[in-house]
Each structure stands twice: as structure tokens, then as C-alpha cells.
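If you want the building blocks of each chain, they are given just below.
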Amino acid sequence: AGAKGDISLKDGAKSNEFVTWFRTGSGPGMASPLVVGSYLYVPGDGALSCHDLTTGERKYKERLPKGKMTAASPFAAGGKIYLTDESGQTFAVKA
């Protein structure tokens, strides 16, 4: 809150006053990332990454069994994260 104008990171920087953390290569291809509690879940090409929301530290990156590109944005319910891949497979992962 309170940011105005260009808040871009300077070359080589990983944070600044308005950007808490930054990580390359973690963005999803099609689906949106999901925040559950203090974690950021990032679906990818048949995998799911989990990052600490405050520090950006990657807690894990795991392949989904026979998973393909996550086609729909994930959602959370009942302590689980649900992801659907482009072939229609749905995965339930403990949040």
C-alpha cells in the first residue's frame, strides 16, 4: 500500500520498499497462483510449487502423478488444493 509510479526492481535486486520478494521461473503457464494461509502455491507444467508468502522461499516443487499443464486456476477447500490439468485430471493436494 502507498506505492506510486515505477516500483520496478533495479538490476539484480530481489526486493525493494514495495516488492517483498521476486523469483524468476516460477510463474504458471495458464493457471493463476493461489494463496492459502501463509503459502503461495504455483501450478506449472505437471507440477506444483509452494513458496513462503513472506520470504518467497520455495518449500517444495513436486510433480503431479502423470500430470500435464495445469489448465484451470486452482482453488482451496477443506484443507486441500484442487488442480485440474489440460487432460481433465483433477488432483487434490494437502494445503
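For the structure, see preceding data.
Described below are features of the structure shown in this document.

Considerations on the nonpolar core
Logical step 1: Counting residues in hydrophobic clusters, the biggest one holds nine residues: L34, Y41, L48, C50, L64, I81, L83, F91 and V93.
Logical step 2: Broken down by secondary-structure element, the contributors of at least two residues to this core are β3 (47–52), β6 (80–84) and β7 (90–94).
Logical step 3: Excluding anything up to four places from it in sequence, F91 contacts L64, P65, G67, I81, Y82, L83 and D85.

Let's talk about the packing of aromatic side chains
Logical step 1: Applying the stated rule across the entire model yields two aromatic pairs.
Logical step 2: On the basis of an interplanar angle of 55° and a centroid distance of 6.5 Å, the ring pair of Y39 and Y41 is categorised as tilted.
Logical step 3: Taking the relative accessible area as the measure of exposure, Y39 reaches 32% and is therefore partly exposed.

Examining the sheet that holds strand β4 (residues 58–63)
Logical step 1: One open sheet holds the four strands; their spatial order is β1-β2-β3-β4, and the pairing between them is antiparallel. Two strands in the sheet have a free side with no partner beyond their single neighbour: β1 (34–36) and β4. Strand after strand, the sheet turns through a mean of 20° between neighbouring axes, direction not considered.

A look at the pattern of salt bridges
Logical step 1: Counted under the stated rule, the structure contains one salt bridge.
Logical step 2: Among the ionic pairs, K59 bridges to E57, the shortest N-O distance being 3.4 Å.
Logical step 3: We classify E57 as partly exposed; its relative accessible area is 44%.

A look at a positive patch on the surface
Logical step 1: On the surface, K14, R23, R58, K61 and R63 cluster together to form a positively charged patch.
Logical step 2: Within the secondary structure, K61 is located in strand β4.

Conventions we followed
- Residues numbered from 1 in each chain as written.
- Predicted model: local features only at pLDDT ≥ 70, side-chain atom pairs only at ≥ 80, totals over all residues.
- Heavy atoms only, no water.
- Core = buried A, V, L, I, M, F, W, Y, C linked by side-chain atoms within 4.5 Å.
- Buried < 20%, exposed > 50% of the residue type's maximum accessible area, 1.4 Å probe, protein only.
- Helix = DSSP H or I, 4+ residues; strand = E, 2+ residues; numbered from the N terminus.
- Contact = heavy atoms within 4.5 Å.
- Phe/Tyr/Trp six-rings, centres within 6.5 Å; stacked < 30°, edge-to-face > 60°.
- Pairing = 2+ DSSP bridges.
- Axes fitted to C-alpha atoms, helices over the stretch in contact; angles between N-to-C directions.
- Salt bridge = Lys/Arg side-chain N within 4 Å of Asp/Glu carboxyl O.
- Patch = residues over 30% accessible without salt bridge, like charges linked within 9 Å, V, L, I, M, F, W, Y side chains within 5 Å.
- Areas by Shrake-Rupley, 256 points an atom, 1.4 Å probe, with all protein chains shown as cover.
- Lys, Arg positive; Asp, Glu negative; His and termini not counted.
- Charge placed at Lys NZ, Arg CZ, Asp CG, Glu CD.

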